[in-house]
Amino acid sequence: MILIVGGTGSLGGALARRLLAAGARVRVLTRVEARAAPLAALGAEVVVGDLTDAPSLLRACTGAEAVVTAAHSLFGRGRRSSAHVDGAGHRALAAAAEAAGARRFVHTSAYDYGPAAARIPFFRIKRETEAHLRTRRLALTVLRPTAFMESHAHLLIGAPILAGRTVPLFGRGENPRNFVAADTVAAVAQRVLEDPATIGETIDVAGPHNLTHLEVVRLYERLSGRVARVRHLPLGVLAAAAAVLRPLHPGISQVIRLGILADNGDQRADASALEARFGPGTTLEAFVAARVADASGAAPGTPATAGAVA
Ligand SMILES: NC(=O)c1ccc[n+]([C@@H]2O[C@H](COP(=O)([O-])OP(=O)(O)OC[C@H]3O[C@@H](n4cnc5c(N)ncnc54)[C@H](OP(=O)(O)O)[C@@H]3O)[C@@H](O)[C@H]2O)c1
């Protein structure tokens, strides 16, 4: 039995579908049972729990040989803050996995974007959690993915274009950054679970290309036939907003800081070592083509036209 914490998210869902298709027994932890209904329909066992509720983690880990983490809390505050969920929650999960005898532990962290990123709580806590996990009696592998296409290309850029809404871009949108598909990360996680030689490793997981946000806009325009409306939000105004919001809502403040970093930090990554080892990842073009086909109701692979995109 493989427990996926965050099985209802982009990465956890992709991994659950891969493992179920390969005939593995999969258990998914969610805070809200209904969110896991599509995976239950595919044969996953669903357990209701919360990273901030230690007894629920012990119940979830009992009988699991492996635990995969794919959960995070970026926007939350109080009990839902990064410190509680990405930090203390993951330490409690590691203790539960150890107590339940689930020695194999695959942890999803985040790519190392250097000192500027390390000043943002989310990235700092991710590093602290990695360091803590290395002290436990767990057969640990850490994955460090770059920005997911699902959230950073589609949710923030592509979905508004396909819905005919204005795309708000932080800054100029001319900073190249690496995007990886959640399914590419899931494919690596699946291989890692099968391969004991990966125990003790920390693996950077990047996608094939580095593109700017404006290039992502152009890609959606080209593949959908739509013309995007883009509004550039000045970084200075955003930095001021992040500072004002910091004591009031640290979660929103840190998400703004992450957005600023996406426009002015080094966000590039090189996938060549990963691809030599695990095979090629999904390209952004293929990912966007699939989203455009979904939005137009066309069969995958059918070019969408402007008229077909509702
Ligand atoms: N998205 C990115 O660009 C990106 C980049 C690098 C690394 N990562 C890392 O990759 C992993 C997966 O990210 P994702 O984008 O696939 O996530 P996602 O789609 O945003 O989904 C978040 C998941 O976290 C779960 N979750 C949130 N709070 C929880 C809590 N208190 N207790 C238990 N589960 C909780 C949610 O489960 P329920 O709502 O069902 O409870 C959901 O399954 C995370 O560790 C993330 O930090 C993501």
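Residues numbered from 1 in each chain as written. Predicted model: local features only at pLDDT ≥ 70, side-chain atom pairs only at ≥ 80, totals over all residues. Heavy atoms only, no water.

> Hey, could you go over the site of the ligand for me, with residue numbers and the actual values?
In the vicinity of the ligand, 26 residues are found, and the nearest of them are Thr8, Thr30, Arg31, Arg35 and Phe148. One of the backbone nitrogen or oxygen atoms of Gly9 is found 3.1 Å away from an oxygen atom of the ligand. In the complex, 89% of the free accessible area of the ligand, which totals 900 Å², lies under the protein chains. Looking at the shell around the ligand, the elements with two or more residues in it are helix 1 (10-21), strand 2 (26-30), helix 6 (121-134), strand 7 (147-148) and helix 7 (149-162). (Near = heavy atom within 4 Å. Polar contact = N/O pair within 3.5 Å; in protein donor to acceptor, adjacent residues only side chain to side chain. Areas by Shrake-Rupley, 256 points an atom, 1.4 Å probe, with all protein chains shown as cover. Helix = DSSP H or I, 4+ residues; strand = E, 2+ residues; numbered from the N terminus.)

> I'd love a proper account of the nonpolar core, names of residues and values included.
Within the largest apolar cluster, 31 residues are counted, with the highest numbers of intra-cluster contacts made by Val26, Leu143 and Val205. Put simply, the parts of the chain that give this core at least two residues each are strand 1 (2-5), helix 1, strand 2, strand 4 (66-69), helix 8 (182-194), strand 10 (202-205) and helix 12 (272-278). For this core, the element with the most residues is helix 8, which contributes seven residues. Once you skip the residues sitting within four places of it in the chain, Leu143 turns out to touch Val106, His107, Thr108, Ser109, Ala110, Val185, Val188, Ala189, Val192, Ile203 and Val205. Among the nonpolar cores identified, the runner-up in size contains 23 residues, and Val47, Leu57, Val67 and Ala102 belong to it. (Core = buried A, V, L, I, M, F, W, Y, C linked by side-chain atoms within 4.5 Å. Buried < 20%, exposed > 50% of the residue type's maximum accessible area, 1.4 Å probe, protein only. Contact = heavy atoms within 4.5 Å.)

> So what about the environment of Arg165? Which residues, and what values?
As for its placement among the helices and strands, Arg165 is situated in the loop between helix 7 and strand 8 (167-170). The spacing of Arg165 and Arg229 is 64 residues in sequence and 7.2 Å in space, taken between C-alpha atoms. Excluding anything up to four places from it in sequence, Arg165 contacts Pro160 and Arg229.

The values are spatial; any link to function lies outside them.
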